[in-house]
Amino acid sequence: MNQLDFLSMFVNEKILPELIEHSSIPEEIIVGYEPLTIETTGGDRSTSESITGTLLLKKMANQFLDNKSIDVFTEKYEKPKAFIEGEEVSVSFSHTDDAIVAAISTTLNVGVDMEHVRRKVHERLSNRMHAPDENSCMYEEHPLIQIWTFKEAALKMIGTGLRKPMNHVAIFPNDDFLFNAEFDDGKKAKICSFTHQEHWISICYEKLP
């Protein structure tokens, strides 16, 4: 039995993923949430997270995209690639120790990050997160863990993840739930951010080429 088959036993196919609906999420993005029934902290965590993320995306495509089949290919430290009926789509997923969230879009490039609202980020990390152009007020008005999700969602969207330092992307508030992201190479994107089931969820997105 391979690892995909093994972990599939821990994913209850009768439990359908929850479709997250929030006013800040663009209609072009499908966001699904599901509690985890298996820990991803043991063994090769990256592999386990890739498999559980893939399983959630497959359930989402089946439930929210008219029973369509999605093929997902993951490599360590790389953004997942996905195809629906041969057409490439953008996907992203994120884990905590007890939940997983995933996003799918056929027209937007997406990156998603999720963290517990109670998770603490050491104040000293704010200096490493702070981009030169950012207003310091943002770090006073928003929890550091929420800002962390802004940055990681943005870096996951461009495919680098935390291999690229967080201070290479600047975040500028737009309203309570919407933010602008600007990368050090001039690229720009949007971010929506909100709480769900005691988690901060941030989704960074831009138009696909």
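Provided above is the structure to which this section pertains.
Source: prediction; values computed, not measured.

(A) Structural context of the overall build of the protein chain. When helices and strands are tallied, the protein chain shows five helices and 11 strands. Here the protein chain holds 209 residues, and the buried ones make up 50% of them. When contacts within the protein chain are restricted to residue pairs at least 6 apart in sequence, those whose partners lie at least 24 apart make up 54%. Here the protein chain displays about 11,000 Å² of accessible surface, and carbon together with sulfur accounts for 49% of that area.

(B) Region of interest: the packing of aromatic side chains. Within the structure shown, the criterion is met by two aromatic pairs. Their ring planes at 70° and their centres at 6.1 Å tell us that F73 and F83 sit as a pair that is edge-to-face. Of the two residues, F73 is situated in strand β3 (residues 70-73) and F83 in strand β4 (residues 81-84); the sequence distance between them amounts to 10 residues. Overall, the relative accessible area of 26% leaves F83 in the partly exposed class.

(C) Examining the state of the cysteines more closely. Scanning the model with the defined rule gives zero disulfides in all. Left without a disulfide partner, C192 is nearest to the cysteine sulfur of C204, which lies 9.1 Å away. Residue C204 is classed as buried on the basis of its relative accessible area of 0%.

(D) Inspection of the sheet that holds strand β2 (residues 29-35) at higher detail. Read across the open sheet, the six strands follow the order β1-β2-β6-β5-β4-β3; overall the sheet is antiparallel. The open sheet is flanked by β1 (18-19) and β3, the only strands paired with a single partner. Bridge count for β4 against strand β5 (residues 87-95) is three bridges, and the pairing is antiparallel. Of the residues in β5, the one forming a bridge with A82 is V89.

(E) Main features of the pattern of salt bridges. In this structure the tally under the stated criterion is eight salt bridges. Between E78 and R163 there is a salt bridge, and its shortest N-O distance comes to 3.9 Å. One end of the pair, E78, is in the loop between β3 and β4; the other, R163, is in the loop between α5 (144-158) and β8 (169-173), and 85 residues separate them in sequence. By relative accessible area, which is 44% here, E78 ends up partly exposed. Between E206 and K187 there is a salt bridge; the shortest N-O distance is 3.4 Å.

(F) The sheet that holds strand β7 (residues 108-116), seen in detail. Sheet architecture is open: five strands sit in the order β7-β11-β10-β9-β8, paired in antiparallel fashion. Each edge of the open sheet carries a strand with a single partner, namely β7 and β8. Taken pair by pair, the neighbouring strands of this sheet meet at an average axis angle of 25°, ignoring direction. In the packing of α5 onto the sheet, contacts are made with β7, β8, β9 (178-183), β10 (188-196) and β11 (199-207), and the angle to β7 comes to roughly 150°.

(G) Layout of the environment of H142. Along the chain, H142 falls in the loop between α4 (137-141) and α5. Residue H142 is classed as buried on the basis of its relative accessible area of 15%. Remark: the alpha-carbon pair of H142 and P173, spanning 31 residues in sequence, is separated by 10.0 Å.

(H) How the structure looks around the pairing of strand β6 (residues 99-105). Burial runs high along β6: seven of the seven residues are buried. Covered by surrounding structure in β6 are A99, V101, A103 and S105 together with I100, A102 and I104, the residues of both alternating faces. The sheet contact formed by β2 and β6 spans seven bridges and is antiparallel. Directly across from Y33, in β6, lies its bridge partner V101.

(I) Molecular detail of the environment of N174. When you line up the elements, N174 lands in the loop between β8 and β9. Judged by its relative accessible area of 48%, N174 falls in the partly exposed class. Expressed as a C-alpha distance, the spacing of N174 and C192, which sit 18 residues apart in the sequence, is 9.7 Å.

Criteria and thresholds
- Each chain carries its own residue numbering, running from 1 in the written order of its sequence.
- The model is predicted, so local features are restricted to residues of pLDDT at least 70 and side-chain atom pairs to those at 80 or more, both for listing and for counting; the totals for chains, interfaces and linings are taken over all residues.
- As a rule here, side-chain values cover all heavy atoms of the structure and leave hydrogens and water aside.
- In this description a helix means any DSSP run of H or I spanning at least four residues, a strand means any run of E spanning at least two, and both kinds are numbered starting from the N terminus.
- To sort residues, take the accessible area from a 1.4 Å probe on protein chains only and compare it with the maximum for the residue type: under 20% means buried, over 50% means exposed, and anything in between is partly exposed.
- In what follows, residue pairs with any heavy atoms lying within 4.5 Å of each other are defined as contacts.
- Using the Shrake-Rupley algorithm and a 1.4 Å probe, accessible areas are obtained, with residue cover drawn only from the displayed protein chains.
- Side-chain rings of Phe, Tyr and Trp, where Trp is taken by its six-membered ring, are said to pair if the distance between their centres is within 6.5 Å; with planes under 30 degrees apart they count as stacked, over 60 as edge-to-face, and otherwise as tilted.
- Counting rule for disulfides: a pair of cysteine sulfur atoms within 2.5 Å.
- Whether two strands pair comes down to DSSP finding at least two bridges between them.
- Salt bridges, as used here, are contacts in which a Lys or Arg side-chain nitrogen is within 4 Å of a carboxyl oxygen on Asp or Glu.
- To obtain each axis, a line is fitted to C-alpha atoms, and for helices this fit is confined to the stretch in contact; angles are then taken between N-to-C directions over 0 to 180 degrees.

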